[in-house]
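Each chain is listed here by its residues.
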Amino acid sequence: MKRLIRWICPDQRVANRHTMPPLIAWLGMVRSSKEYKIGDVSVAGFYMITEERWVPGTSFPVTLERTDDGGIGRSLTVQASVVRAGDDGVGFTFLQDAAEQEAEGPTGSNSRVDLTKLAQFLKGLPLAADSSQFERAS
């Protein structure tokens, strides 16, 4: 049945995903909430492992912190919006910070977080081997 569903509705994600990366997340600033595990992440968004469920469209700042040897202590705070809920967590997309939106003005061409900063933050994390790893998060 899953094969039929995948054939009818293929995976829409186009960015390389880092599955079970050495990242933790905090709502707001570092250590301002409980710690959450990240199931996967890409430059488009991330999947947070949690029992909590937020309504799609809900947005708030999230701080991602690296826990691997190459990036230990590095963190990045982003504005994120809930796009879906799964069995074991919630999927988010990255949004542009409100201060950056005002600086660009109403005709700003990019409503996403600065992809260069995000790509630099994620650099060095292992990529997912194949799309079969996405069964859990689908």
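Everything quoted here is computed from the prediction, not taken from an experiment.

**Student:** Teacher, can you tell me more about the environment of Val30 here?
**Tutor:** Residue placement: Val30 occurs in the loop between strand E2 (23–27) and strand E3 (36–41). In this structure Val30 comes out as partly exposed when scored by relative accessible area, which is 31%. A sequence separation of 33 residues divides Val30 from Thr63, and the C-alpha atoms of the two residues are 6.1 Å apart. When neighbours within four sequence positions are excluded, Val30 is seen to be in contact with Thr63, Glu65 and Ser75.

**Student:** Please explain unusual backbone geometry as it appears in this structure.
**Tutor:** Keep in mind that most residues, glycine aside, have a negative phi and that most peptide bonds are trans. Phi angles above zero are rare outside glycine, and Met20 is one such case at about 45°. When you line up the elements, Met20 lands in the loop between strand E1 (18–19) and E2. You can call Met20 partly exposed: its relative accessible area is 49%.

**Student:** What am I meant to see in helix H3 (residues 115–122) here?
**Tutor:** One full turn of an α-helix is made of 3.6 residues, so residues set three or four places apart face in the same direction. Buried within H3 we find Leu118, Phe121 and Leu122. For H3, the arc enclosing every buried residue in end-on projection is 90°, short of the 170-degree limit, so these residues lie on one face. At the C-terminal side of H3, Gly124 shows a positive phi close to 100°.

**Student:** It is not clear to me how the nonpolar core should be interpreted in this structure. Could you clarify?
**Tutor:** Nonpolar side chains in soluble globular proteins generally cluster together in the buried interior. Counting 22 residues, the largest nonpolar core has Val41, Phe46, Met48, Trp54, Val62 and Phe92 as the members making the most contacts within it. Among the secondary structure elements, those contributing two or more residues to this core are E2, E3, strand E4 (45–49), strand E5 (59–66), strand E6 (75–85), strand E7 (89–95) and H3. Take this core: its biggest share by element is 4 residues, from E6. When near neighbours in sequence (up to four residues on either side) are disregarded, Val62 contacts Ala25, Trp26, Leu27, Gly28, Phe46, Met48, Leu76, Thr77, Val78 and Ala80.

**Student:** Is there a simple way to think about the packing of aromatic side chains in this case?
**Tutor:** Any two aromatic rings considered together are summarised by their centre-to-centre distance and by the angle between their planes. One pass over the full model with this rule turns up 6 aromatic pairs. Arranged with centres 4.8 Å apart and planes meeting at 10°, the rings of Phe46 and Phe92 form a pair that is stacked. One end of the pair, Phe46, is in strand E4; the other, Phe92, is in strand E7, with 46 residues separating them in the sequence. You'll find Phe46 and Phe92 in the same group, each marked buried. Considering the side-chain rings of Trp54 and Phe60, the 5.4 Å spacing of their centres and the 65° angle between planes classify their relative orientation as edge-to-face.

**Student:** Even after reading the chapter, I still don't get the confidence of the model for the protein, so can you show me in this structure?
**Tutor:** This prediction gives the protein a mean pLDDT of 77; 68% of its residues lie at or above 70. Confidence, expressed as mean pLDDT per element, reaches its minimum in the protein at helix H2 (residues 98–104) with 49 and its maximum at E4 with 95. Note that pLDDT drops below 50 for residues 105–111; the model gives that stretch 6 contacts with residues more than four away or on any other chain. For the stretch residues 130–138, pLDDT sits under 50, and the model shows 22 contacts to residues farther than four places along the chain or on other chains.

**Student:** Got a minute to help me understand the environment of Ser81 in this structure?
**Tutor:** Note on placement: Ser81 falls in strand E6. Accessibility expressed as a relative area gives 9% for Ser81, which makes it buried. As for Ser81 and Thr58, which are separated by 23 residues in sequence, their C-alpha atoms are 5.5 Å apart. If we ignore the near neighbours within four places in the chain, the residues touching Ser81 are Gly57, Thr58, Ser59, Gly91, Phe92, Thr93 and Leu95.

Thresholds applied
- Residues numbered from 1 in each chain as written.
- Predicted model: local features only at pLDDT ≥ 70, side-chain atom pairs only at ≥ 80, totals over all residues.
- Heavy atoms only, no water.
- Helix = DSSP H or I, 4+ residues; strand = E, 2+ residues; numbered from the N terminus.
- Buried < 20%, exposed > 50% of the residue type's maximum accessible area, 1.4 Å probe, protein only.
- Contact = heavy atoms within 4.5 Å.
- Arc of directions from axis to C-beta.
- Core = buried A, V, L, I, M, F, W, Y, C linked by side-chain atoms within 4.5 Å.
- Phe/Tyr/Trp six-rings, centres within 6.5 Å; stacked < 30°, edge-to-face > 60°.
- pLDDT = per-residue confidence, 0-100.

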